[in-house]
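Tertiary structure, described
Read off the chains here:
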Amino acid sequence: MTEGTDWARQRTEAAKEQERRLHARHEVEHAKARAILAEFVEVARERLPTERLMVKGYGGRGSARSDIEGWYLRIDKTVGLGTGGSFYVLTAPLSILDRVRGVTLTPTPPPLVIGAGGKDGDSIELVAALERLLPGWRS
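Residues numbered from 1 in each chain as written. Predicted model: local features only at pLDDT ≥ 70, side-chain atom pairs only at ≥ 80, totals over all residues. Heavy atoms only, no water.

1. With respect to the overall build of the protein chain
Applicable threshold: Comment: elements are numbered from the N terminus, with helices defined as DSSP H or I runs of at least four residues and strands as E runs of at least two. We compute the radius of gyration from the C-alpha atoms alone; for a globule the expected value is 2.2 Å times N to the 0.38, where N is the number of residues. Working definition: with a 1.4 Å probe on protein chains only, accessible area under 20% of the residue-type maximum means buried, over 50% means exposed, and in between means partly exposed. Note on contacts: a residue pair qualifies if any of its non-hydrogen atoms lie within 4.5 Å across the two residues. Each accessible area is a Shrake-Rupley estimate made with a 1.4 Å probe; only the visible protein chains count as cover when residues are assessed. Positive charges are assigned to Lys and Arg, negative charges to Asp and Glu, while His and the chain termini are left out of the count. The atom standing in for a charge is NZ when the residue is Lys, CZ when it is Arg, CG when it is Asp and CD when it is Glu.
Summing up its helical and strand segments, the protein chain has three helices and seven strands in all. In sequence order, the secondary structure elements of the protein chain are arranged as α-β-β-β-β-β-α-β-β-α. Against the globule reference of 14 Å for 139 residues, the protein chain gives a C-alpha radius of gyration of 19 Å, more extended than a compact globule. Referenced to the eigenvectors of the C-alpha coordinate spread, the extents of the protein chain come out at roughly 65 × 45 × 30 Å. Put simply, the protein chain has 139 residues, and 29% of those count as buried. At a minimum sequence separation of 6, the contacts of the protein chain that also span at least 24 residues come to 51%. Accessible surface for the protein chain amounts to roughly 9,100 Å². Of this, 53% is attributable to carbon and sulfur atoms. The distance from the centre of the 21 positive side-chain charges to the centre of the 19 negative ones in the protein chain is 4 Å.

Pasting the structure below:
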């Protein structure tokens, strides 16, 4: 092997290891967030009314009802929590049929910070969002 080939192989292996570690960190974060959401749902089911979650079209282009009952976690209603404890992103490309028939939501792994990496002021810690929704829920 040449020196250049050896260097490229080492860099590839280092990149794979970095990706593996990042994935493992995300899995830990998602597990912590799932535990927080499960705890919240137990309290919220008894104390907070639910509503049918709506999905907004990209760029503000219409909306569609979803198949999920739950609560909105952000004021702009772009993420929600189902009564089963699943986390949902509530923005999507919507067709005319989606707007008429409604959409079936697929849960996404929950973050500990909603909107992390977005514009300044767009992110909120998951616990803070839950506290805003149901103050004192952990008491």
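Right, picking up where we left off after that structure.
2. Quick word on the pairing of strand E3 (residues 79–82)
Applicable threshold: Following DSSP output, two strands are said to pair if at least two bridges run between them.
Where burial is concerned, the two faces of E3 agree: the one with Val79 and Leu81 and the one with Gly80 and Gly82 are both buried. Direction of pairing for strand E2 (residues 63–72) relative to E3: antiparallel, over a ladder of three bridges. Looking at E3, one finds that Tyr72 is bridged to Gly80. Note that E3 and strand E4 (residues 87–89) share three bridges and pair antiparallel. Of the residues in E4, the one forming a bridge with Gly80 is Tyr88. Between E3 and E4, which follow one another and run antiparallel, lie four residues, and Gly85 among them has a positive phi close to 95°.

3. Section: the packing of aromatic side chains
Note the following rule: Only rings of Phe, Tyr and Trp enter the pairing, Trp through its six-membered ring, and a pair is recorded when the two centres are within 6.5 Å. The plane angle decides the type: under 30 degrees is stacked, over 60 is edge-to-face, the rest tilted.
Scanning the model with the defined rule gives two aromatic pairs in all. With centroids separated by 6.0 Å and ring planes inclined at 85°, the aromatic side chains of Phe40 and Trp71 adopt a geometry described as edge-to-face. Residue Phe40 is found in helix H1 (residues 3–47), and its partner Trp71 is found in strand E2; the two are separated by 31 residues along the sequence. A relative accessible area of 0% places Phe40 in the buried class. Aromatic side chains Phe40 and Trp137 sit 5.2 Å apart centroid to centroid with 80° between the ring planes, which places their arrangement in the edge-to-face category. Here Trp137 lies in the segment after helix H3 (126–133) and Phe40 lies in helix H1, a separation of 97 residues in the sequence. In textbook terms, an aromatic cluster arises when at least three aromatic residues are bridged by ring pairs, as seen for Phe40, Trp71 and Trp137.

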